[in-house]
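Commentary on secondary and tertiary structure
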Amino acid sequence: MPSLDPTDWSDLRTLGHRMMDDMIDHLANLRENPVWQKMPGPVRDSFKNPLPATGTDPTTLYQTFTETIQPYVTGNTHPRFVGWVHGGGNPVSMLAELLAGAMNANCGGRDHSGIAVERQVIALAAEIMGMPPATGGVLLTGSSMANFVALLCARRHALGPQVRQDGLANTQLTAYASAAAHRCIPGAMDMAGLGTAALRLIPTADHRIDIAKLQAAIGEDLAAGRKPFLIIGTAGSVDTGAIDDLTALADIAAAGKTWFHVDGAFGALAALSPAIKPRLAGLERADSIAFDFHKWAQVTYDAGCVLIRDPGIALATFAQQTGYLAGAKRGLAAGEPWPCDLGPDLSRGFRALKIWMTLSAYGTDAFAAIVDETCRLAKHLEAIINSSDSLELAAPVSLNIVCFRRRNSTDAQTESLVADLQEAGAFAPSTTRIDGRLAIRAAIVNHRTTQADIEAFAAAVLPARER
Ligand SMILES: Cc1ncc(COP(=O)(O)O)c(C=O)c1O
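Note that this is a predicted model, so its numbers are computed, not measured.

We now examine the overall build of the chain. When helices and strands are counted, the chain shows 15 helices and 13 strands. A globule of 467 residues ought to have a C-alpha radius of gyration of about 23 Å, and the chain, at 24 Å, matches this closely. Referenced to the eigenvectors of the C-alpha coordinate spread, the extents of the chain come out at roughly 70 × 65 × 45 Å. Taken across its 467 residues, the chain has 49% of its residues classed as buried. If you take every contact in the chain between residues at least 6 apart in sequence, the share linking residues at least 24 apart comes to 74%. Taken as a whole, the chain presents about 21700 Å² of accessible surface, with 55% of it coming from carbon and sulfur. A distance of 4 Å separates the average location of the 40 positive side-chain charges in the chain from that of its 47 negative side-chain charges.

Below, the structure is given as structure tokens:
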């Protein structure tokens, strides 16, 4: 059997040091490169090769990486990437990924430091959100999975243990979220076997869930003999950054003994900011919260998290007894509960290390400042738009997302303007649809983005005569 380790480590060491130097240079000089560039056809075709039966020298592979992969990545590390809700990453997290790779810890379970670090991260997250110290949770790929896991916990809570054995049959369960909820919420209903038809997408008022309409929908379902089991609040909606009235939702959930979940994919971490935290009041009353460390906390992808107030429910939802994975009182198989019993994954990487190192290296005050500054930049962009004759806001600016367009522009013109900016490598905004019309969507998340970047972005969107 060939060993995959070299007999002489010196070449690999040299290559590793070179990679490290190059990647630090890459982060230090992000502005010298385009935000994004399209992968040319021949380069794309070079990733359609058959299985490599024999190996290639890692130094040659690294050369291939620098020429054919590195230049064509998403670009979200770049300060002028303002699309979707992508975090910028950070150098400490990058280094932590190297350490985690060297440890190659399987954090599904067992008694080792990886699990201790993950529990620390969950406890820190609960503290940020104002949840009790006994709160449980697991790290996942992202908020899509975190929302799904929370929904399965709510389903188990509503239907009891039998649902895991018998599945679903005429449950009559109904869930509620705003019409502005992320697509992963209907996706979770679908994957959980409850069906998207059992999700009531309640109309919004000012992009926030309309509380009176929610109450009316619950009333109608109760009158029809259905069983409301889950109310989902959004803290930072994907389109506009709107925050639902979480206190009102918590009250309604408490009155109906309904599970209260908050999708705070990016917005929940605004709880770090003393200025914004009051707008998240009610978050601390959630039964579960889904959010990402890879967005505002700038941890490298991927780093999603679900918090479950009662970890017993997570255990009841996911734990399984098998001989080959039994826990033990001592030895490496000790240390239950294991993350594999709190969520769907068994084999899991050491995501917690990069999160813990990021939070510890910079301190939470730094992230509060990033939240505040990105929101300030969004307001600055809003002011530029409001003072321009050629631009118009498409939605109010609630946090760090600004939706706008050129006045009197068609959807095709907006789409083309955004694609032009992206293809020029100058800026990477995205688009969304607000009230049926396409809008440019700037999501300012990256800790590297400055006021000058935002002013240059606004100038690039303005018609030439107004620049
Ligand atoms: C409000 C909201 N929920 C859920 C998600 C999905 O998160 P992820 O992409 O980490 O799966 C997003 C992504 O931006 C989001 O903004």
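The two faces of strand β12 (residues 430-434) differ: Ser430, Thr432 and Ile434 on one face are buried, but Thr431 and Arg433 on the other face are not. The pairing of β12 with strand β13 (residues 437-443) spans five bridges and is classified as antiparallel. Residue pairing across strands places threonine 431 opposite isoleucine 440, the latter belonging to β13. Linkage of β12 to β13, two consecutive antiparallel strands, is achieved through a turn of two residues, within which aspartate 435 is found at a positive phi near 50 degrees.

As a further point, take the site of the ligand. Around the ligand, 14 residues are found, and the nearest of them are Ser143, Ser144, Asp263, Asp292 and Lys295. Side-chain polar atom of lysine 295 to an oxygen atom of the ligand: 3.2 Å apart, as the coordinates give it. When the free accessible area of the ligand is taken as 390 Å², the share hidden by the protein chains comes to 85%. The greatest single-element share of the shell around the ligand, amounting to three residues, is contributed by helix α6 (residues 143-159).

A full pass over the atoms with the stated rule returns seven aromatic pairs. With 5.5 Å between their ring centres and 50 degrees between their planes, phenylalanine 427 and phenylalanine 457 make a pair best called tilted. With a gap of 30 residues between them, phenylalanine 427 in the loop between α14 (411-423) and β12 and phenylalanine 457 in helix α15 (residues 451-461) connect regions that are remote in the sequence. Each member of the pair, phenylalanine 427 as well as phenylalanine 457, is classed as buried. Among the aromatic residues, those joined into a cluster by ring pairs are Phe404, Phe427 and Phe457. In this arrangement the basic side chain of arginine 110 is found over the ring face of tryptophan 338, its NZ or CZ atom lying 5.7 Å from the centre.

Here the focus is the pattern of salt bridges. For the structure on display, the rule yields 17 salt bridges. Linking arginine 31 and aspartate 453 is a salt bridge whose minimum nitrogen-to-oxygen distance equals 2.8 Å. Of this pair, arginine 31 sits in the loop between α1 (10-28) and α2 (41-45) while aspartate 453 sits in helix α15, and the two are 422 residues apart along the sequence. A relative accessible area of 47% means that arginine 31 is categorised as partly exposed. We classify aspartate 453 as buried; its relative accessible area is 2%. Residues glutamate 382 and lysine 379 are paired through a salt bridge, measuring 3.1 Å at the closest nitrogen-oxygen approach. Here lysine 379 and glutamate 382 lie together in helix α13 (residues 364-386), a separation of three residues that amounts to about one turn.

Helix-helix packing: each pair is described by the crossing angle between the helix axes and the interaxial distance. At a closest axis distance of 8 Å, the pairing of helix α4 (residues 91-103) and helix α12 (residues 351-362) adopts a crossing angle of 145 degrees. Seen from above, α4 lies across α12 with right-handed handedness. Residues Pro91, Val92, Ser93, Ala96, Glu97, Leu99 and Ala100 of α4 pack against Leu353, Lys354, Met357, Thr358, Ala361 and Tyr362 of α12. Taken together, the residues of the contact of α4 with α12 break down into nine nonpolar, two polar and two charged.

Criteria and cut-off values
Residues numbered from 1 in each chain as written. Predicted model: local features only at pLDDT ≥ 70, side-chain atom pairs only at ≥ 80, totals over all residues. Heavy atoms only, no water. Helix = DSSP H or I, 4+ residues; strand = E, 2+ residues; numbered from the N terminus. Rg over C-alpha atoms; globule rule 2.2 N^0.38 Å. Buried < 20%, exposed > 50% of the residue type's maximum accessible area, 1.4 Å probe, protein only. Contact = heavy atoms within 4.5 Å. Areas by Shrake-Rupley, 256 points an atom, 1.4 Å probe, with all protein chains shown as cover. Lys, Arg positive; Asp, Glu negative; His and termini not counted. Charge placed at Lys NZ, Arg CZ, Asp CG, Glu CD. Pairing = 2+ DSSP bridges. Near = heavy atom within 4 Å. Polar contact = N/O pair within 3.5 Å; in protein donor to acceptor, adjacent residues only side chain to side chain. Phe/Tyr/Trp six-rings, centres within 6.5 Å; stacked < 30°, edge-to-face > 60°. Lys NZ or Arg CZ within 6 Å of the ring centre and 35° of its normal. Salt bridge = Lys/Arg side-chain N within 4 Å of Asp/Glu carboxyl O. Axes fitted to C-alpha atoms, helices over the stretch in contact; angles between N-to-C directions. Left-handed = near helix turned anticlockwise from the far one by under 90°. Nonpolar A, V, L, I, M, F, W, Y, C, P; charged D, E, K, R; others polar.

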